[in-house]
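# Descriptive structure summary
The primary structure of each chain is shown beneath.
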Amino acid sequence: MNIVLLGPPGAGKGTQGERIAKTLGIPKLATGDVLRAAVAQGTPLGLAAKAAMERGDLVPDSVILGIMKEALALPSASKGVVLDGVVRTVPQAEGLARVLSELGRGVDAVLLFEVGEDELVRRLSARATCESCQTPYTGREPGTACDKCGGKLVRRTDDEPEAIRSRMRAYHEQTEPVIEWYERRARKSDDAGARDHNGPRVVRVNALGNIDDITKIVMKGLEG
Ligand SMILES: [Zn+2]
C-alpha cells in the first residue's frame, strides 16, 4: 500500500507516519532523508542534488523525483511505502503519480492530517526545544535544562505564533489544490466502479488528541 501523508507542520504526521509504517511493515520515506542518503552514496542523481545545494539552489523536482523513484524501486519498498513530505504541490503529486505508474503502482491512500490554526498555535508555542540536541519538549519553560543532554531549552523562532500563522497560510495556499487534485481522482475512479491506481482513498484525520487514538483511527481508515 502506497500512502501519501499530507498535513501542516506540527500536526504530528511524522510520528503517525512512523507508526503506520511499522504497523504495515513498510518503510517510511521522507524527501529529506532519501535525498541525504542519495547524496551520501554519491549516486548520479545524488551528485546532481549536491551540486544544486552547493550553488544555494533548490534541488529541482525532476532530480528529487528521480531519487524518489530509485528509493521506490528498492526491494524493501516493494510492499508499499509511507511518503512523508514528498507531495506538497500539484506538480509534485503529478510527478509522483507518473513515477509510481512507471513502476506499475499508484497512490492507494492519502492521509490528510487536519488541525485548526488556533490549536496549532497553542500547541507549538507551548513547545521548547533543546538548543544542543534539538529534542522538543511540550509544556516546558524556555531557559530550563534538557533532560537528555543538559542543554538549554529555547523557543524556536519557527514556533512563535506569527511564524506559525504564516506557515499555515503558505501550507493552505500550496496544499488545498493538492487535496482537491487527489479528491477529483478518487471520485473519478469511484464513478468507474472500481478503485484503480488512478484514484487513491482520501482519509481525513483530526490530528488533535491522543496519539494512540489517532493511530487507531488512521489504521481503521486505511482498512475501510
Ligand atoms: Zn538536549
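Cut-off values and rules
Residues numbered from 1 in each chain as written. Predicted model: local features only at pLDDT ≥ 70, side-chain atom pairs only at ≥ 80, totals over all residues. Heavy atoms only, no water. Core = buried A, V, L, I, M, F, W, Y, C linked by side-chain atoms within 4.5 Å. Buried < 20%, exposed > 50% of the residue type's maximum accessible area, 1.4 Å probe, protein only. Helix = DSSP H or I, 4+ residues; strand = E, 2+ residues; numbered from the N terminus. Contact = heavy atoms within 4.5 Å. Expected span 1.5 Å × (residues − 1). Arc of directions from axis to C-beta. Donors = N, O, S within 2.8 Å, 3.2 Å for Na, K, Ca; no water. Tetrahedral: all angles 85-135°; square planar, octahedral: opposite > 155°, others 65-115°. Pairing = 2+ DSSP bridges. Axes fitted to C-alpha atoms, helices over the stretch in contact; angles between N-to-C directions.

What follows concerns the nonpolar core. Of all hydrophobic cores here, the largest spans 31 residues; its most connected members are Val-4, Leu-83, Val-87, Leu-96 and Tyr-182. At the level of secondary structure, the elements contributing two or more residues to this core comprise strand 1 (2-6), helix 2 (31-41), helix 4 (61-72), strand 3 (81-84), helix 5 (90-102), strand 4 (109-114) and helix 7 (161-191). In terms of residue count, helix 4 provides more of this core than any other element does, six residues in total. Apart from the residues within four sequence positions on either side, Tyr-182 is in contact with Val-4, Val-87, Ala-93, Leu-96, Val-107, Val-110, Pro-200 and Val-202. Formed by 23 residues, the second largest nonpolar core is a distinct cluster that contains Ile-20, Val-115, Leu-120 and Met-219.

Attention now moves to helix 8 (residues 211-223). For helix 8, spanning 13 residues, the distance from its first C-alpha to its last is 19 Å, which sits close to the expected 18 Å at 1.5 Å a residue. Residues of helix 8 that are buried include every one of Ile-214, Thr-215, Val-218, Met-219 and Leu-222, and no others. Angular distribution of buried residues about the axis of helix 8 spans 135°; they occupy a single face of the element. Looking at helix 8, the residues exposed on the side facing more than 90 degrees away from the buried face are Lys-216, Ile-217, Lys-220 and Glu-223. Of the surrounding elements, those touching the buried residues of helix 8 are strand 1, helix 1 (13-24), strand 4 and strand 8 (201-206).

Next up on the list: the coordination of the zinc ion. Distances from the zinc ion to its protein donors, namely Cys-130 (SG), Cys-133 (SG), Cys-146 (SG) and Cys-149 (SG), fall within the range 2.3 to 2.4 Å. For the zinc ion, the four donor atoms in the first shell make angles of 101 to 116° at the metal, a pattern classed as tetrahedral. Along the chain, the residues donating to the zinc ion are arranged with the sequence spacing C-x2-C-x12-C-x2-C. In this pair, Cys-133 is assigned in the loop between strand 5 (127-130) and strand 6 (136-138) and Cys-146 in the loop between strand 6 and strand 7 (153-154), connecting sequence segments 13 residues apart. You can call Cys-133 partly exposed: its relative accessible area is 34%. Given a relative accessible area of 5%, Cys-146 falls into the buried group.

Ordered in space as 2-3-1-4-8, the five strands form an open sheet in which the pairing is parallel. For this open sheet the edge positions go to strand 2 (28-30) and strand 8, each flanked by a neighbour on one side alone. With direction set aside, neighbouring strand axes in the sheet form an average angle of 20°. Contacts between helix 2 and the sheet are confined to strand 2 and strand 3, with strand 2 contributing the most and set at about 80° to the helix. Across the sheet, helix 8 lies against strand 1, strand 4 and strand 8, angled at about 165° from strand 8, the strand it touches most.

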